Amino acid sequence: MPAPGGERQRVTRFAPSPTGELHLGNARTALFNLLLARGGGGRFLLRIEDTDSERSLDAHAVALMADLRWLGIDWDAGPDRADERGPYRQSQRGALYSRYLAQLEGLPATLRFRVPRDERVVFEDFVHGPQTFLTDDIGDFVVRRADGSAAFFFSNAVDDALMGVTQALRGEDHLANTPRQLLILRALALVAPAYGHVALIVGADGAPLSKRHAAVSVREYRERGYQPIALLNHLFRLGHSTALHGLLQLSEMARAFDTAHLGRAPSRFDEPQLRVWQKEAVHRLPAEAARGWLAPLLPAGLDERARDAFIAALLPNVVLPEDARPWVDIVFGGPPPLEPAAEEAVRGAGAGYFSAAAAAAATSGNDLAAIAGAVRAATGRSGASLYMPLRAALTGRMHGPELAPLLKAMPAGKACERLARFA
Ligand code: GLU
């Protein structure tokens, strides 16, 4: 598929205004631009649009960059990594803007762009197709504020041209800005990028995604323990169709990304689907990452063997770290209350069952096979009727993570005590 933007080396950019946290919608825009560049051997730029000094905060820019890096969205040139087309913070590009503003008129006051009358601005949006705007519908607009600084339409358009951007892929809220930006670039004889506008992300009720529906900032997902690759997989499929199944790595997404597969209709953010990706991502966590992921929940001073056994038991059963919290209490806290079915299983097994179990626990360490073997010998039980009362007495529940590693994680003596109380 020939890329929109023609024969030049592909250059894309993410151009956030640092006025708040990185939201899912913007994170998706950044991801799509990264993939568009990577898929075509091109370059991906990060440009901080901080000309609105009242609303822009450096702290937001710093946090935006940290969130992008956490997601694995890395740029070839940006504020921290300028090249000959930089600097990449608009607040540092004032002199450049003045030079181009001077070409338009030049008086040190608010400068409005005089929109030509009775013309059509026609362009091909590489998501939405051909677009036509009538200049008579576009009023003259400010390109230089009274304080001499360049206004959004101007700095955004001029920077795309000066930075050699070939495709500007951005949110649909900017579609109506495009004719103004094309008029500015035409007046300055600068080369415009191809523009494409991705549809909004909406919540389950079809309204634009907001705090009412779900957490919207990347930070919140990070803090809740979501894996970046899970978030990326959900964002990749929001408004972009793909035949590929399963959890994809960024490189696979880059090979598969195609602007022709970008939908024109809004796409629905779906937290249950995100949790499916998260579950897959957690299952694939390497041991060291899994340790880091659950570490904040674990009791201080836990020995390595117990920690690793606990993580091995829990990892297949949890989506978020908070799901492990009840099991931290069960395994490392006081004797858990028994749920009714567990109570029944324990009563049914009887005192002889538990005296054999407690005796074996005292001598075998927390070894499930040894304890079950002793109980089998004493009672003749097998299968569920052998194992269920053990699980019930040890955890208070009838279901849960695999029992052998859970038992291994329990402090010595605790298992024995829990079994002995029913002997
Ligand atoms: N600073 C603009 C925004 O954050 C960028 C628009 C664009 O990508 O052209 O909405």
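Here the structure is shown first, and the text comes after it.
Quick caveat, the model's predicted, so the values are computed rather than measured.

1. Comments concerning the nonpolar core
Okay, so step 1: Core analysis: the biggest nonpolar cluster contains 53 residues, and I73, L169, Y221 and F269 have the highest contact counts within it.
Okay, so step 2: Secondary-structure elements contributing two or more residues to this core are helix 1 (24-39), strand 2 (43-46), helix 2 (58-71), strand 8 (194-198), helix 6 (218-223), helix 7 (228-236), helix 8 (250-256) and helix 9 (271-283).
Okay, so step 3: Of the residues forming this core, the biggest block, nine residues, is contributed by helix 1.
Okay, so step 4: Among all residues touching F269, those that are not within four sequence positions of it are L24, I201, V202, L209, A214, Y221, H234, L238 and L274.
Okay, so step 5: If you look at the next biggest cluster of nonpolar residues, it comprises 49 residues, including W327, L338, A349 and A392.

2. Remarks on the site of the ligand
Okay, so step 1: Close to the ligand lie R13, A15, P16, S17, E49, F152, N156, R170 and H174.
Okay, so step 2: Between an oxygen atom of the ligand and a side-chain N or O atom of H174, the distance comes to 2.7 Å.
Okay, so step 3: Contact with the protein chains removes 84% of the 300 Å² of surface that the ligand exposes when unbound.
Okay, so step 4: Given that more than half its atoms are within 2 Å of the pocket grid, the ligand belongs to the largest pocket.
Okay, so step 5: A class-by-class count of the residues in the shell around the ligand yields three nonpolar, three polar and three charged.

3. What about the pattern of salt bridges?
Okay, so step 1: If you walk through the whole model with that rule in mind, you get 24 salt bridges.
Okay, so step 2: Here R43 ties to D83 by a salt bridge, and the two come within 2.5 Å at their closest N and O atoms. With a gap of 40 residues between them, R43 in strand 2 and D83 in the loop between helix 2 and helix 3 (94-104) connect regions that are remote in the sequence.
Okay, so step 3: When its relative accessible area of 26% is taken as the criterion, R43 is described as partly exposed.
Okay, so step 4: Its relative accessible area of 23% is what places D83 among the partly exposed residues.
Okay, so step 5: Close ionic contact of R284 with E280 constitutes a salt bridge, the shortest N to O distance being 3.3 Å.
Okay, so step 6: The partly exposed category is assigned to R284, whose relative accessible area is 48%.
Okay, so step 7: A relative accessible area of 27% means that E280 is categorised as partly exposed.
Okay, so step 8: Each of R13, R47, E49, R93, D159 and D160 takes part in a single network of salt bridges with overlapping partners.

Cut-offs applied
Residues numbered from 1 in each chain as written. Predicted model: local features only at pLDDT ≥ 70, side-chain atom pairs only at ≥ 80, totals over all residues. Heavy atoms only, no water. Core = buried A, V, L, I, M, F, W, Y, C linked by side-chain atoms within 4.5 Å. Buried < 20%, exposed > 50% of the residue type's maximum accessible area, 1.4 Å probe, protein only. Helix = DSSP H or I, 4+ residues; strand = E, 2+ residues; numbered from the N terminus. Contact = heavy atoms within 4.5 Å. Near = heavy atom within 4 Å. Polar contact = N/O pair within 3.5 Å; in protein donor to acceptor, adjacent residues only side chain to side chain. Areas by Shrake-Rupley, 256 points an atom, 1.4 Å probe, with all protein chains shown as cover. 1 Å grid on protein atoms, 1.4 Å probe; cavity = no way out; pocket = protein on both sides within 12 Å on 5 of 7 lines; lining within 4 Å. Sits in = over half its atoms within 2 Å of the grid points. Nonpolar A, V, L, I, M, F, W, Y, C, P; charged D, E, K, R; others polar. Salt bridge = Lys/Arg side-chain N within 4 Å of Asp/Glu carboxyl O.

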